[in-house]
Amino acid sequence: MQRFTRAAVLIIAAVAGALVVAPSGAVAQGGARAAQGESEVVALDRDLVRLNTVNPPGSTASVAAYMRDRLVPLGFAVDVIQTPEPGKAHLVARLRSPNPTGKPVVLCAHADTVGVERDLWSVDPFAGVIRGDHLFGRGAFDDKGGIAVFAAAAMRLARAKVPLKRDIVLVFEADEEGGDYGIEWLAEHYWNKLDAAYSLNEGGIISQDDHGRVNLAAVTVRDKISVSVRLRTRGVSTHSSRPQPPSAIDRLARALARIGRHQSRPTLSALTRGYFRAVARASDGRQAADLRRLARARGSRAIDRLGRRVVRRSEYGPLLDSLLRTRFTNTIVDAGFRSNVIPGAAEATVNMRLLPGVSGEQAVRELRRTIADPKVQIIVGGDRQSAADVYRSVRARQRVAASSTRSALYTALAREIRREYRGAVVTPALYEAATDAGPWREHGIPTYGIRPYPADATDLQNMHGIDERVSITGLNQGTDMMERILRAVAT
């Protein structure tokens, strides 16, 4: 009985939403589906999941073409920008104001996705399967759901012919998950199309508990910095029946085990102290008390002790722990070519996520101390970028300040999140990962990260993992909320 009631509510909400936002004569494919019980935002996300844009190769031209065909009839001026790599394209779509009084607001999301381990999924990752209140598929949450919400909200304004005082620009990019032609390339060659008063990107999480209650919304104003390095080891290449230890694989395995056990010294900044105070307001009992103590703690020992306690008790433990420390994570291992040959070399990739204030040189020195083996080579940079280039880039990005919480866009975000999710605590936050917000923040443009739909602990665990999913109710709520935010800052 509960399932039937919930499904009925979703269908009624979807149809009602379609009737409100689709004026006569302006029903596109998504609108037609909404009339049949599937809202436009869900139809968009589902269709986008079915376009395989796993990177590599990251063939995002299909997404650009799909979105262009839906935006142009509504009056958007659309540029599909081809990169030098065939199949990779960015989309920039502008809903113009007839008499703009300020620079645009930019909504940015990436069209490429990470790969899949197909045999571990319970559904086809590119079929757009709906089960209950969830849409499953690679990219459904990260970040085709973001494309769908941002586009659906802007499309509502276009259909309603809302008088805009500033342009609304949608930027759906390639190569966010890796590659040479991502947002930095786009900003370098087409900054005039990206310049803005404010920008929204992926990032912050609207946290939902097991009962569907939203109690905390983190709007990210700064990102940790991602740097990957390679480890290389050498050994004697010989027949597997005559090992001469230590082999390259054994030496590498010991290094990776040490990295896996390593915990960097925890630190708190003004931003993360404020975040933990907000989490305390959204919590209760002993956890709330410990969070308040953590926010006040001085010295790495006290921060570590309280941090471990808070992390252990929270379903969002890995996220909270990542805000306390620079992280070193083993991500790729490459060694061997036959079962009866001991290889003479082995390599691995380690991804480092740097807290604000940590330089690339400091992180590599810490990694070297952790490995504690001079015969493990740490390679920074590669064919296209030297180690000096990497270190320079990190220093430049660390100098970029967090986005202000006094802008009109942050004010609208906080207000509308609280309106959509009564009782939710809204706070600025550090993002534990990295996004494409860099070019805007580097130009001093207030830029905020938000996943415009609630997520529970399973949703976050499945992102980049198995059975990635997004809430259908959340997609619809997020579109309503984003429409109001755009009306607040662009009309």
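Note: the structure precedes this text.
Bear in mind that the values here come from a model prediction, so they are computed numbers and not experimental data. (Residues numbered from 1 in each chain as written. Predicted model: local features only at pLDDT ≥ 70, side-chain atom pairs only at ≥ 80, totals over all residues. Heavy atoms only, no water.)

(A) Focus on the overall build of the protein. Within the protein one finds 17 helices and 19 strands. Relative to the compact-globule value of 23 Å for 491 residues, the protein shows a C-alpha radius of gyration of 23 Å, a close match. Taking the principal axes of the C-alpha coordinates as reference, the protein spans close to 75 × 55 × 50 Å. Going through the 491 residues of the protein one by one, you find that 55% of them count as buried. Relative to all contacts within the protein whose residues are 6 or more apart in sequence, the contacts with residues 24 or more apart total 76%. Entry remark: accessible area of the protein is about 21,700 Å², with carbon and sulfur atoms responsible for 50%. (Helix = DSSP H or I, 4+ residues; strand = E, 2+ residues; numbered from the N terminus. Rg over C-alpha atoms; globule rule 2.2 N^0.38 Å. Buried < 20%, exposed > 50% of the residue type's maximum accessible area, 1.4 Å probe, protein only. Contact = heavy atoms within 4.5 Å. Areas by Shrake-Rupley, 256 points an atom, 1.4 Å probe, with all protein chains shown as cover.)

(B) Expanded view of the packing of aromatic side chains. The tally for this structure, following the rule as stated, stands at six aromatic pairs. Measuring from ring centre to ring centre gives 5.8 Å for Tyr-181 and Trp-185, while their planes differ by 90°; the resulting arrangement is edge-to-face. Residues Tyr-275 and Phe-276 carry aromatic rings whose centres are separated by 5.6 Å and whose planes lie at 70° to one another, so their mutual orientation is edge-to-face. Residue class for Tyr-275 comes out buried when judged on its relative accessible area of 6%. One aromatic cluster is present, built from ring pairs that chain together Tyr-181, Trp-185 and Tyr-190. The cationic tip of Arg-70 hangs over the ring face of Tyr-66; the distance from NZ or CZ to the ring centre is 3.7 Å. (Phe/Tyr/Trp six-rings, centres within 6.5 Å; stacked < 30°, edge-to-face > 60°. Lys NZ or Arg CZ within 6 Å of the ring centre and 35° of its normal.)

(C) Examining the sheet that holds strand β15 (residues 377–379) more closely. Overall, antiparallel pairing links the four strands, which are arranged β12-β14-β10-β15 in an open sheet. Edge positions in the open sheet fall to β12 (327–335) and β15, since each of these has one partner strand only. Between one strand axis and the next, the sheet turns through 25° on average, direction left out of account. In this sheet, strand β14 (residues 345–354) lies alongside β12 in antiparallel orientation, the contact comprising eight bridges. In the sheet register, Asn-330 faces β14, and the bridge partner there is Val-350. Sheet contacts for helix α12 (residues 360–371): β10 (225–234), β12, β14 and β15; angle to β14, the most-contacted strand, approximately 130°. (Pairing = 2+ DSSP bridges. Axes fitted to C-alpha atoms, helices over the stretch in contact; angles between N-to-C directions.)

(D) Quick peek at the packing of helix α4 (residues 61–71) against helix α5 (residues 144–160). α5 packs onto α4 with a crossing angle of 15° between their chain directions and a minimal axis gap of 12 Å. Judged by the inter-axis angle, α4 sits roughly parallel to α5. Once α4 is placed against α5, the crossing between them reads as right-handed. Across from Val-63, Met-67, Arg-70 and Leu-71 in α4, the residues of α5 making contact are Lys-144, Ile-147, Ala-151 and Met-155. Of the residues that constitute the contact of α4 with α5, the class distribution is six nonpolar, no polar and two charged. (Parallel < 35°, antiparallel > 145°, perpendicular 65-115°, else oblique. Left-handed = near helix turned anticlockwise from the far one by under 90°. Nonpolar A, V, L, I, M, F, W, Y, C, P; charged D, E, K, R; others polar.)

(E) Up close: the sheet that holds strand β19 (residues 469–471). Here three strands make up an open sheet; going across it, the order is β4-β5-β19 and the pairing antiparallel. Looking at which strands have only one partner, the edges of the open sheet turn out to be β4 (130–131) and β19. Across two bridges, the pairing between β4 and strand β5 (residues 134–136) is antiparallel. Bridging across to β5, Ile-130 finds its partner in Leu-135. With respect to the sheet, helix α3 (residues 40–49) is in contact with β4, β5 and β19, its orientation differing from that of β5 by roughly 20°. Strands β4, β5 and β19 of the sheet are contacted by helix α17 (residues 472–490), whose axis makes an angle of about 60° with β19.

(F) Representation of the nonpolar core. With 124 residues, the main nonpolar core has Met-67, Phe-76, Leu-170, Leu-231, Tyr-275, Phe-276 and Leu-367 as its most contacted residues. By residue number, the principal contributor to this core is α5, which donates 11 residues. Sequence-distant contacts of Leu-367, that is, excluding residues within four places in its chain, are made with Val-229, Leu-231, Ile-259, Phe-328, Val-350, Met-352 and Ile-378. With 16 residues, the next largest nonpolar core counts Val-171, Trp-185, Ala-187 and Ala-196 among its residues. (Core = buried A, V, L, I, M, F, W, Y, C linked by side-chain atoms within 4.5 Å.)

(G) Representation of the packing of helix α8 (residues 270–281) against helix α9 (residues 285–296) in the model. Taken N-terminus to C-terminus, the directions of α8 and α9 make an angle of 165°; their axes are 8 Å apart at the nearest point. One finds that α8 runs roughly antiparallel with respect to α9. Every pair of crossing elements has a handedness; the one defined by α8 and α9 is left-handed. Of the residues in α9, those in contact with Arg-273, Phe-276, Arg-277, Val-279 and Ala-280 of α8 are Ala-288, Leu-291, Arg-292, Leu-294, Ala-295 and Arg-296. For the contact of α8 with α9, a count of residues per class yields seven nonpolar, no polar and four charged.

(H) Representation of helix α10 (residues 300–313) in the model. With 14 residues, α10 extends 20 Å from end C-alpha to end C-alpha; this agrees with the ideal 20 Å at 1.5 Å per step. Along α10, the residues classified as buried are Ile-303, Asp-304, Leu-306, Gly-307, Val-310 and Val-311. In this structure, the buried residues of α10 make contact with α9 and α11 (317–322). (Expected span 1.5 Å × (residues − 1).)

(I) Summary view of the environment of Val-390. In this structure, Val-390 sits in helix α13 (residues 387–398). Judged by relative accessible area, Val-390 falls into the buried class, the value being 9%. A C-alpha to C-alpha distance of 18 Å links Val-390 and Glu-176, two positions 214 residues apart in sequence. Setting aside residues no more than four positions away along its own chain, Val-390 makes contact with Val-227, Val-380, Gly-381 and Gln-385.

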